[in-house]
Amino acid sequence: MRNGTNDLMWKMKMIIKEPILIIFILLLLLLLTVFVFYPLLMLIKYSITADGGELSLQTIWAVVKNGSYRIIFSNSIKLGLISACIATIIGYIFAFAITRTELPMKGFMKTMATLPIVSPPFVLSLSIIFLFGRKGLITNGLLGLTDFNVYGMHSLILVQTISFFPVAYLTLSGILQAIDSSVEDAALNLGASRWKIFWTVTFPLSLPGIFSAFLLVFIQSLQDFSNPAVIGGGFPTLGVEAYRVITGMYDLRTGAILSIMLLIPSLMAFLLQRYWISGKGFVTVTGKPSQNRTKLNQRHIVIPLFAVCLLFCAVIVLFYGTVIVGAFVKVWGVNYSFTLDHFRYVFSIGFKPLRNAVTLAIIATPITGLTGMAIAFLTVRKSFFGKRYMSLASLLTFALPGTVVGISYILAFNDRPFLLTGTAVILICVFVFRNLPVGIEGASSALMQIDPSIEEASINMGAGSFYTFFHITLPLIRGAFFSGLVYSFVRAMTAVSAIIFLVSARWNVVTTRIFSLFEVSQYSDAAAYIVIMIIVIVCAIYVLSFLVNKMDPEKNAMVRK
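Residues numbered from 1 in each chain as written. Predicted model: local features only at pLDDT ≥ 70, side-chain atom pairs only at ≥ 80, totals over all residues. Heavy atoms only, no water.

Scanning the chain from terminus to terminus reveals 26 helices and two strands. For 561 residues, the compact-globule estimate of 2.2 N^0.38 gives 24 Å, and the C-alpha radius of gyration of the chain, at 25 Å, lies within 12% of that figure. A principal-axis box enclosing the C-alpha atoms of the chain has dimensions of 75 × 70 × 55 Å. For the chain, with 561 residues in total, the buried portion stands at 52%. Pairs at least 24 apart in sequence give 81% of the contacts found in the chain among residues at least 6 apart. Accessible surface, the chain: about 26,200 Å² in total, of which carbon and sulfur atoms supply 67%. Side chains of the chain carry 41 positive and 22 negative charges; the gap between the two charge centres is 2 Å. (Helix = DSSP H or I, 4+ residues; strand = E, 2+ residues; numbered from the N terminus. Rg over C-alpha atoms; globule rule 2.2 N^0.38 Å. Buried < 20%, exposed > 50% of the residue type's maximum accessible area, 1.4 Å probe, protein only. Contact = heavy atoms within 4.5 Å. Areas by Shrake-Rupley, 256 points an atom, 1.4 Å probe, with all protein chains shown as cover. Lys, Arg positive; Asp, Glu negative; His and termini not counted. Charge placed at Lys NZ, Arg CZ, Asp CG, Glu CD.)

Given below as structure tokens:
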């Protein structure tokens, strides 16, 4: 206890010696308060007051009594639960096959298992329409069906499963790799079959990860706006209904209450997932060095897993390939002749939204990446007043549905002293504060694996915290920095629900433009936008990878030699 107190006092003294660091911490706390908690408070305040500003629960009561809103709430929960179940199962199969077996074509499988995360929104919805719509290639072209209804819950489940199973795959891959293989080897040496080892050792040890992955996918499904808006049809969800109420009925108060109804289950799932992670261990610690894991190579195990993964990858290739082909045909379902007219349209009439999206993403990405690394560094390495508040505020945005963020920002920044609506600043702020959590989580995990004595030695030799952060810490956690940058850029380019209420005529972006093309059934123009977005995102990932690799001290030393 005394050592802990002395360590805390030493850290506090080191911080006090650096007034600029204190100012930086206060600035971060202020910004997190203004852009995370203040909009939420304004949203809640607006929901429980009347037009005159007096306290009133009349609108809330009207929403609760409305049977159609209760059905919509039920739809959102039902869709989230079903999608989370199926996506977690598929994610587990992929994670197990790739991490535990001698699976052929692993590189291809990994690419397919992460592709939906970095792809633009609307891709899968558009491919569903191209393949199974009234003029769909399969339903109309191959089967001759003319009245097949592609819109509704069944299509949403398929699209959300493909969209979000990578979240489960990435979560479960790390957990399956962390399980000590010596436990399974001991069971095998005692005569247990592979099947029994899986059900009595591997699966129980991975249960916390399965539950965590399920909750993460459930949150993603609840927050999804673009897919339900495009192919939901007669199956409305809360996010889409809030948008319809605000833009179609001009009823901002009811829309705000619907967004809070969406926030409650999302926030509960997020807190439950955080509690579950903090209370459960995924790693089997034996105290002994582990041997290299022997991958399963029995044909009766590998072949069925390979067949399932290959089939799912084929579906992904089919869906993405359909959108790419759709961008080069005149009218899908009517005239399949080759054309570049849709790309000419994008680069002439529709170029401004694309340019705006790239510009905003380029500005927001480094701010998000560096802020996330700085917050992780401060919350892991430093002791200061407000540390838990900073950690909570910076991670809370992951639990906030985009619809909630959009509506709350309208209410918070539509008047002085924070008049920001209609400007690029508010869009950049949304991108920065909404995309912080991934970088923070990655950097925090990386920092916990690095001995702090390296940074303490730098500070003891006279270097300040800023110098130590940029020259010691950041190069050591460049992997997490790269992940944070990529995630930030992709999310800034592909955001829909959070910004659909905030874009203006001056600052319209590509995703809202694609959404408007869906509303007038210009699907091939939308496909051209999506193809260009994919090219931009791939190029950005390569550029970010090159820039982050420049931070590698070993490579730089070799270059200097």
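Before going further, it helps to examine unusual backbone geometry. The backbone of Phe 122 sits at a positive phi, close to 75°, despite the residue not being glycine. Following the sequence through the fold, Phe 122 ends up in the loop between helix 5 (106-118) and helix 6 (123-132). We classify Phe 122 as buried; its relative accessible area is 1%. Non-glycine residue Ser 521 carries a positive phi angle of around 60°. Among the secondary structure elements, Ser 521 is positioned in the loop between helix 24 (510-519) and helix 25 (523-549).

Moving on: the confidence of the model for the chain. When pLDDT drops low, the exact placement of atoms in the prediction is not to be read closely. On average, residues of the chain score 85 in pLDDT, and 92% of them reach the 70 mark or higher. Below pLDDT 50 for its whole length, residues 281-289 participates in 14 contacts with residues either more than four positions away or in separate chains. (pLDDT = per-residue confidence, 0-100.)

Below, the discussion takes up the packing of helix 6 against helix 8 (residues 153-178). Each pair of packed helices gets described by two things: the angle between the helix axes and the distance between those axes. Taken N-terminus to C-terminus, the directions of helix 6 and helix 8 make an angle of 135°; their axes are 9 Å apart at the nearest point. Judged by the inter-axis angle, helix 6 sits oblique to helix 8. The hand of the helix 6/helix 8 crossing is right-handed. Contact residues: helix 6 offers Leu 124, Ser 125 and Ile 128, while helix 8 offers Ser 155, Leu 158, Val 159, Ile 162 and Ser 163. Residue composition of the contact of helix 6 with helix 8, by class: five nonpolar, three polar and no charged. (Axes fitted to C-alpha atoms, helices over the stretch in contact; angles between N-to-C directions. Parallel < 35°, antiparallel > 145°, perpendicular 65-115°, else oblique. Left-handed = near helix turned anticlockwise from the far one by under 90°. Nonpolar A, V, L, I, M, F, W, Y, C, P; charged D, E, K, R; others polar.)

To continue, consider the packing of aromatic side chains. By the definition in use, this model includes 35 aromatic pairs. Following the ring pairs from residue to residue traces out a cluster consisting of Phe 122, Phe 225, Tyr 243, Phe 501, Phe 515, Phe 518 and Tyr 523. Just above the ring of Tyr 46 sits the side chain of Arg 253; from NZ or CZ to the centre is 4.1 Å. Directly above the ring of Trp 507 sits Arg 506, whose terminal nitrogen or CZ lies 4.3 Å from the centroid. (Phe/Tyr/Trp six-rings, centres within 6.5 Å; stacked < 30°, edge-to-face > 60°. Lys NZ or Arg CZ within 6 Å of the ring centre and 35° of its normal.)

A few words on the state of the cysteines. Joining two cysteines, a disulfide is a covalent bond between their sulfur atoms. By the definition in use, this model includes zero disulfides. Just so you know, Cys 85 is unpaired, no disulfide at all, and the nearest cysteine sulfur is the one on Cys 309, 19 Å from it. (Disulfide = S-S within 2.5 Å.)

Let us now look at the nonpolar core. In terms of nonpolar packing, the biggest core is built from 176 residues, with Phe 94, Leu 126, Met 390, Tyr 409, Phe 433, Ile 514 and Phe 518 touching the most fellow members. With residues up to four places along the chain from it excluded, the contact list for Phe 94 reads Met 109, Ala 113, Phe 165, Tyr 169, Cys 309, Phe 312 and Cys 313. (Core = buried A, V, L, I, M, F, W, Y, C linked by side-chain atoms within 4.5 Å.)

Below, the discussion takes up the pattern of salt bridges. Scanning all chains against the criterion turns up two salt bridges. A salt bridge links Glu 241 to Arg 244, with the nearest nitrogen and oxygen atoms 2.4 Å apart. Placement of both Glu 241 and Arg 244 in helix 12 (residues 238-248) is noted, with a separation of three residues, approximately one turn of the helix. Residue class for Glu 241 comes out buried when judged on its relative accessible area of 6%. The salt bridge partner of Arg 344 is Asp 341, with a shortest N-O separation of 2.6 Å. Linking Arg 344 with Asp 341, this pair stays in helix 15 (residues 341-347), spanning three residues, or about one helical turn. (Salt bridge = Lys/Arg side-chain N within 4 Å of Asp/Glu carboxyl O.)

The periodicity of an α-helix, 3.6 residues per turn, causes residues three or four places apart in sequence to face the same way. Ser 181, Glu 184 and Ala 187 are the residues of helix 9 (residues 181-189) that are buried. One side of helix 9 holds all its buried residues, which, seen down the axis, span an arc of 120°. Among the structural elements, helix 4 (67-100) and helix 10 (194-223) are those in contact with the buried residues of helix 9. Directly beyond the C-terminal end of helix 9, a positive phi value near 100° is found at Gly 191. (Arc of directions from axis to C-beta.)

Here Asn 227 is to be found in helix 11 (residues 226-231). Within the local environment of Asn 227, its side chain forms a polar contact with the side chain of Asp 224, the two groups lying 3.0 Å apart. Beyond its immediate chain neighbours, meaning those up to four positions away, Asn 227 contacts Ser 125, Leu 156, Val 159, Ser 163 and Gly 232. (Polar contact = N/O pair within 3.5 Å; in protein donor to acceptor, adjacent residues only side chain to side chain.)

A separate point is the environment of Gly 239. Considering the arrangement of structural elements, one finds Gly 239 in helix 12. If sequence neighbours within four positions are ignored, Gly 239 has contacts with Phe 225, Leu 262 and Thr 403.

Another aspect to go through is the packing of helix 4 against helix 5. Here helix 4 crosses helix 5 at 150°, and the two axes come no closer than 11 Å. By the criterion of interaxial angle, the relationship of helix 4 to helix 5 is roughly antiparallel. Between helix 4 and helix 5 lies a crossing of left-handed hand. The residues of helix 5 that touch helix 4, namely those facing Phe 94, Ala 97 and Ile 98, are Lys 106, Met 109, Lys 110 and Ala 113. Taken together, the residues that form the contact of helix 4 with helix 5 break down as five nonpolar, no polar and two charged.

Here we take up the side chain of Gln 220. Of note, Gln 220 is situated in helix 10. Not counting residues up to four positions away in its chain, the partners in contact with Gln 220 are Phe 164, Val 167, Phe 398 and Arg 491.

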